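For reference, the chains in residue letters:
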Amino acid sequence: MCGIAGFAGTGDGATLIAMSKAIAHRGPDQSGVHLDHSRNLRDVGLAHQRLSILDLSTLGTQPMSNEDQSVWIAFNGEIYNFKALRSEIERSSKHKHVWKSETDTEVIIHLYEEYGEKVFAKLQGMFAIALYDKKKDLLFLARDRMGKKPLYWGVVGENAKSLIFASELKSIHKHPLFEKKLNMNAVHEYFFSEHVATPESIFQGIYKLEPAHYLVWNGKDIKKTCYWRAEFGVYKGSYYDAVKDLDTVMEHAVAERMIADVPVGIFLSGGIDSSTIAWYAREKNKNIHTFSIGFEDTSFDESVYAKQVADHLGTMHHNKIVTEKELLEVIPRLADICDEPMADASIIPTTVLSEWTRQHVTVALGGDGGDELFYGYDTFTAHKLANMFSWVPGWIISILEKVVSIMPTSFSNMSFDFKIKSFLKGLKEKDVVMRNELWMSAYQEHELEKLISKDHYINLSKTRIDNIENILNSETSFRNEYDKLGRAYERFYMLDHVLVKVDRASMAHALEVRAPFLATDMVDYAHALPSEYKMSGFNRKAILKTLMKDRLPEDIVKRKKKGFGMPVASWLNGPLKPLLTRYTDKSYIESQGLFNYEYIQSLITEHSTQKIDHRKKLWTLLTFQLWWDKWMK
């Protein structure tokens, strides 16, 4: 795992080094830069920060080139089928390649020499790639199928003749042609969904490359190509066959992701996803290490379940009980860790877990993707309930909303009143994806109109609401509404929320996290399954539970999803109150010119008196303000 950065157009060695140093945390083992000159691209710079995972020698240093230095690459990620691809090249190539390392990076270079732009479709793994072909005078940027690895880019400067790119926005800041202009459509998007959805970024003119796409820059024009699509096919076997196939696919996915020349461990929460991965890893390595953290607040603590799984499997388990003070100390660092606003409070424990795990291993396997592929979220059940209430007139739902609004407000994790109020919030919406968006949102549209100042709001294009349907339908077709819902989770919430959280928290501590559930074979398999194999009645992750029922403790297989919850609601009235007050002060709000002070104060008053639980709204606002103070003030 590494960090990459660079440019094609205007730039020099000092700029390249500055861009590289900004992301040194992603790869502290080695660094390298390459500066070249071309006819149309002018100055071409590639920078790389290396976290050594395969071939720990200096032979793996990047940027790396082919034999005649006509092809250069800066690569972040892991290619799990690189050995098979190398054998393919050695067996069938008409060229005599001179190999100088045992890295997957070098395989990509020679594969490009053999197949050109088709190279990216052959790669199985997680990656962000910058590849410069000096003979063709072209720069390629590419991203893996599910968007595990981040890649920002933009065409900047006078007459838009320079392309800049990097793993993180903080590196983009270091290029002198970058202009720090806020993207108000992205701000609108963020306050609705708690993240900025790909391909937009928080800054005008800077974008996130879409998953399963590669981009070609010739010095004048951008050409983007999609090399893989999520297809929802037809599984022809029985349920019994599907369970056996899941066993095969999972075994292969975990085994591939355990290949490393450094120690490998497992993030273990005690949920079925991470426990499944731990079981398969334990089959391959009897001395596998597992890692978890626990909290003093028992309503948020899952460490007892993680220990139960670790004891059952006989792993070498490491658990850390985290104090509230330790968690709160992470919050001022969030804007630096996430240099684009993202309001998932679970990044706090994920950061602590990553720092703790990195003290023992360099690579960790995690359960990301299991909830999206196998319908693990509570909302999948909620949609079934909502469909059962589809006959209820809107006016009755409005009455129910008024009734439940007077229910006593609890600040405990996923309290009953929180669930029922959230459920009613989207009940009038009949489209499953749009209903889900309302359930997941921090602010609904009528609330955003109150939050964002009038001068800005009237010029917004409603990107989240208007474009989500177009994005989904342009990428694939669906058999039913649950295909569509699952893919929406993958394409939006997982991509720009879950994966961002894990990447930034882990890479802030130079820890590589791999996700077996996001193996291409696993994704294709899960997409082909009938929906009822994944959710039978109200039983979510049905087929995964069937697979693991005799391998894990029964209560682990059957227990409800919990997640990395944080006591944000009570924090906002307690230890976070001074921070919230500071960043919502009237003079601060007015100096920004973005928000309506009176509306914000009404939210704070209602929350502080526990009249209404505004944890999502206020945390989303506070996270943005921390980001603003770091990157815009």
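Refer to the structure presented above.
Nothing here was measured: the structure is a model prediction, and the numbers come from that model.

Strand-to-strand pairing in sheets goes through backbone hydrogen bonds, with the strands running parallel or antiparallel. Taken together, the 6 strands give an open sheet; going across it, the order is β4-β5-β6-β7-β11-β12, and neighbouring strands pair in antiparallel fashion. The strands lining the two open edges of the sheet, one partner per strand, are β4 (64–65) and β12 (222–226). As paired strands, strand β7 (residues 138–143) and strand β11 (residues 213–217) are joined by 4 bridges and run antiparallel to one another. By the bridge assignment, L141 is partnered in β11 with L215. Packing of helix α3 (residues 104–115) onto the sheet brings it into contact with β4, β5 (71–79), β6 (125–133) and β7, and relative to β5 it is tilted by some 125°.

If you look at the biggest cluster of nonpolar residues, it comprises 100 residues, and the most contacted ones within it are F120, L123, I129, F374, M522 and Y525. For this core, the element with the most residues is helix α21 (residues 481–507), which contributes 10 residues. Beyond its immediate chain neighbours, meaning those up to four positions away, Y525 contacts Y235, A242, D245, L246, F374 and I543. In terms of nonpolar packing, the next biggest core, distinct from the first, is built from 87 residues, I206, W356, V568 and I589 among them.

Taken across its 5 residues, strand β9 (residues 162–166) has 5 buried, putting it largely inside the fold. Of the two faces of β9, the one carrying S162, I164 and A166 and the one carrying L163 and F165 are both buried. Sheet analysis places strand β1 (residues 2–9) next to β9, joined by 4 bridges and oriented antiparallel. The partner of A5 across the bridge, within β9, is A166. Pairing geometry for strand β8 (residues 152–156) and β9, over 5 bridges, is antiparallel. Bridging across to β9, W153 finds its partner in F165. The hairpin formed by β8 and β9 contains 5 residues between the paired strands, and G157 there has a positive phi angle of roughly 90°.

The rules behind each value
Residues numbered from 1 in each chain as written. Predicted model: local features only at pLDDT ≥ 70, side-chain atom pairs only at ≥ 80, totals over all residues. Heavy atoms only, no water. Pairing = 2+ DSSP bridges. Helix = DSSP H or I, 4+ residues; strand = E, 2+ residues; numbered from the N terminus. Contact = heavy atoms within 4.5 Å. Axes fitted to C-alpha atoms, helices over the stretch in contact; angles between N-to-C directions. Core = buried A, V, L, I, M, F, W, Y, C linked by side-chain atoms within 4.5 Å. Buried < 20%, exposed > 50% of the residue type's maximum accessible area, 1.4 Å probe, protein only.

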